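One-letter residues, chain by chain:
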Amino acid sequence: MSAAFRKAAKARQRPHRERAQPASRTKLGLLEKKKDYRLRAQDYHKKQNALRALQKKALDKNPDEFYFKMIRTELKDGVHVIKQPKDEVTPEQVKLMRTQDIKYVEMKRVAEAKKIERLKAELHLLDAAGSAPARHLFFVDTEREVQEFDIATQLDTLPELIDRVYNRPTIATLQRETLKGATDPAHLKKLAQQRKNQYDLLRQRIEREKAMFVISQKIQTRKDLLDKTHKVKVKKETTTGPAIYKFKFQRKR
């Protein structure tokens, strides 16, 4: 009964309204109410607590402290941003890795390897640029023999043919048989140029085969990284090799 009476009494009472901003103070904006003050006070104390925590952290800081984010972050517009690592890949490698599959790259690499073997079989790597210099040792017994040593006499050939590493006939062969092959200087120069072009082609194919091998390794490494197994990077990626990771050993069932 009392509850019903209180409810009926409230229905007839004058509604409570908070005081508005006086007309003389309208230029100051809305009058702050208790709920507005509470929010403003909470925000103020929150900021003061944060400042006190930062001040305490700065006072307790060890001057010899080091952690890797000191060197792995940079300041951009007043905000610390973690530096993104740059992959050591050439634009050609990126383009090929995005458009081709590892099977295609491996197929092209095998084709290049076969062409290299075919060229090597044709050229025999004679007078190849960058090849190791040939060594031919002669043994004598006395110092006098060393002083009187003549390499043309020892090899039984002409002095003009000493620098050759191939097709170096002896004097007896030259006297017994007639000279075969091209003898015209212009023709010999043309043959030398053709041989040089073949060696340049061989060098380009070897470099291309190495690049294909590096690309296939990098694609395979990126596929292996899709595994959720815990791994640690051992070596960074370079233009001549993929990154090396050490995976946690897991026993297979």
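Being a predicted model, the structure only gives us computed values, none of them experimental.

What counts, and where the lines are drawn
- Residues numbered from 1 in each chain as written.
- Predicted model: local features only at pLDDT ≥ 70, side-chain atom pairs only at ≥ 80, totals over all residues.
- Heavy atoms only, no water.
- Helix = DSSP H or I, 4+ residues; strand = E, 2+ residues; numbered from the N terminus.
- Phe/Tyr/Trp six-rings, centres within 6.5 Å; stacked < 30°, edge-to-face > 60°.
- Buried < 20%, exposed > 50% of the residue type's maximum accessible area, 1.4 Å probe, protein only.
- Axes fitted to C-alpha atoms, helices over the stretch in contact; angles between N-to-C directions.
- Parallel < 35°, antiparallel > 145°, perpendicular 65-115°, else oblique.
- Left-handed = near helix turned anticlockwise from the far one by under 90°.
- Nonpolar A, V, L, I, M, F, W, Y, C, P; charged D, E, K, R; others polar.
- pLDDT = per-residue confidence, 0-100.
- Salt bridge = Lys/Arg side-chain N within 4 Å of Asp/Glu carboxyl O.
- Patch = residues over 30% accessible without salt bridge, like charges linked within 9 Å, V, L, I, M, F, W, Y side chains within 5 Å.
- Areas by Shrake-Rupley, 256 points an atom, 1.4 Å probe, with all protein chains shown as cover.
- Expected span 1.5 Å × (residues − 1).
- Arc of directions from axis to C-beta.

Caption draft 1: Inspection of unusual backbone geometry at higher detail. The backbone phi angle of Asp-77 is positive, close to 55 degrees, even though this residue is not glycine. Note on placement: Asp-77 falls in the loop between strand E1 (73-76) and strand E2 (79-82).

Caption draft 2: Region of interest: the packing of aromatic side chains. Scanning all chains against the criterion turns up two aromatic pairs. Judged by centre distance (5.3 Å) and plane angle (45 degrees), the ring pair of Phe-138 and Phe-149 falls under tilted. Note that Phe-138 is positioned in the loop between helix H5 (102-123) and helix H6 (143-147) and Phe-149 in the loop between H6 and helix H7 (151-155), a separation of eleven residues in sequence. Classification of Phe-138 as partly exposed rests on a relative accessible area of 29%. Look at Phe-149 and you get partly exposed, because its relative accessible area is 33%.

Caption draft 3: Region of interest: the packing of H5 against helix H9 (residues 185-224). Direction vectors running N to C along H5 and H9 enclose 155 degrees, while the axes themselves pass 9 Å from each other. Between H5 and H9, the interaxial angle falls into the category roughly antiparallel. Relative to H9, H5 is oriented so that their crossing is left-handed. Looking at the contact of H5 with H9 residue by residue, the classes come out as 14 nonpolar, three polar and eleven charged.

Caption draft 4: Fine view of the confidence of the model for the protein. Here the protein averages 81 in pLDDT, and 88% of its residues register 70 or above. Mean pLDDT across the elements of the protein ranges from a minimum in helix H4 (residues 91-99), with 68, to a maximum in helix H2 (residues 34-59), with 95.

Caption draft 5: Up close: the pattern of salt bridges. Taken as a whole and judged by the stated rule, the model has 13 salt bridges. Note that Lys-47 is salt-bridged to Asp-43, the shortest N-O span being 3.3 Å. In this pair, Lys-47 and Asp-43 are both assigned in helix H2, four residues apart and thus about one turn of the helix distant. The shortest N-O distance in the salt bridge between Glu-237 and Arg-222 comes to 3.0 Å. With Glu-237 in the loop between strand E3 (231-235) and strand E4 (244-247) and Arg-222 in helix H9, this pair connects stretches of sequence that are 15 residues apart.

Caption draft 6: Region of the structure containing a nonpolar patch on the surface. On the surface, a cluster of nonpolar side chains totalling about 530 Å² of accessible area is made up of Phe-66, Tyr-67, Phe-68, Met-70 and Ile-71. Here Phe-68 is to be found in the loop between H2 and helix H3 (69-72). On the basis of relative accessible area, Phe-68 is assigned to the partly exposed category, the value being 49%.

Caption draft 7: Representation of H5 in the model. Helix length check: H5 (22 residues) gives 31 Å between terminal C-alpha atoms against 32 Å at 1.5 Å per residue, within 8%. Burial in H5 covers these residues: Ile-102, Val-105, Arg-109, Glu-112, Ile-116, Leu-119 and Leu-123. One face of H5 carries all of its buried residues, which in axial projection span an arc of 105 degrees. Away from its buried face, by an angle of more than 90 degrees, H5 presents the exposed residues Lys-103, Met-107, Lys-114, Glu-117 and Glu-122.

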